[in-house]
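Below, each chain spelled out in residue letters.
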Amino acid sequence: MAYEKALSALADPTRRDVFERLRSGPKAVGAIAHGMPVSRPAVSQHLRALKEAGLVADRAEGTRRVYFIDPHGLGALRKWLDQFWDEALAAFQAEVERASDQEDQRK
């Protein structure tokens, strides 16, 4: 499943940092690596893992590669997470309705 690869890729703290640096928009490897405690080649390896997990994509801009968050891969992860949110909301709604029914019975 797509979300398993995404979760596995994001389990690494450095990889999460690389991913989060793309939140503001597309960036080249050098811009992503700037200020990080790992080398530029290490950032490239993390980007490769994120790309294999479907979380980022890249495109050529002149002689460099620019990376950006892939909305399709992120969508698969969000879809998986949303099922938990949907279940939590349904349980909350059921509890509110149960409490309301109990209140109505007391009146």
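Here the structure is a predicted model, which means the values were calculated and not measured. (Residues numbered from 1 in each chain as written. Predicted model: local features only at pLDDT ≥ 70, side-chain atom pairs only at ≥ 80, totals over all residues. Heavy atoms only, no water.)

(A) Molecular detail of the overall build of the protein chain. When helices and strands are counted, the protein chain shows five helices and three strands. Counting helices and strands in the order they occur from the N terminus, the protein chain gives α-α-β-α-α-β-β-α. The globule rule puts the C-alpha radius of gyration for 107 residues at 13 Å, and the 21 Å found for the protein chain is more than 25% above it. With the principal axes as the frame, the protein chain shows a C-alpha extent of 75 × 25 × 20 Å. By residue count, 27% of the 107 residues in the protein chain fall in the buried class. In the protein chain, which carries 17 positive and 16 negative side-chain charges, the distance between the mean positions of the two groups comes to 11 Å. (Helix = DSSP H or I, 4+ residues; strand = E, 2+ residues; numbered from the N terminus. Rg over C-alpha atoms; globule rule 2.2 N^0.38 Å. Buried < 20%, exposed > 50% of the residue type's maximum accessible area, 1.4 Å probe, protein only. Lys, Arg positive; Asp, Glu negative; His and termini not counted. Charge placed at Lys NZ, Arg CZ, Asp CG, Glu CD.)

(B) Geometry of the packing of aromatic side chains. On inspection of all chains with the given rule, the structure shows two aromatic pairs. Taking the centre distance of 4.4 Å and the plane angle of 10° together, the rings of Tyr3 and Trp80 count as stacked. Pair noted here: Tyr3 is in helix α1 (residues 2–10) and Trp80 is in helix α5 (residues 71–106), with a separation of 77 residues, a long-range link. Ring geometry for Trp80 against Phe84: centres 5.0 Å apart, planes inclined by 80°, an arrangement best described as edge-to-face. Of this pair, Trp80 and Phe84 are both found in helix α5, four residues apart, which corresponds to roughly one turn of the helix. Trp80 sits in the partly exposed class, given a relative accessible area of 21%. One aromatic cluster in this structure is built from Tyr3, Trp80 and Phe84. (Phe/Tyr/Trp six-rings, centres within 6.5 Å; stacked < 30°, edge-to-face > 60°.)

(C) Representation of the nonpolar core within the structure. Grouped together as the largest cluster of nonpolar side chains are 19 residues, with contacts concentrated most on Val18, Ile32, Val43, Leu47, Leu50, Leu55 and Tyr67. Looking at this core, the elements that each hand over two or more residues are α1, α2 (13–21), α3 (29–33) and α4 (40–52). Those residues within four positions of Tyr67 in sequence are excluded, and the remaining contacts are Leu22, Pro26, Lys27, Val29, Ile32, Leu47, Val56, Ala57 and Asp58. (Core = buried A, V, L, I, M, F, W, Y, C linked by side-chain atoms within 4.5 Å. Contact = heavy atoms within 4.5 Å.)

These results come straight from atomic positions and should not be treated as a statement about function.
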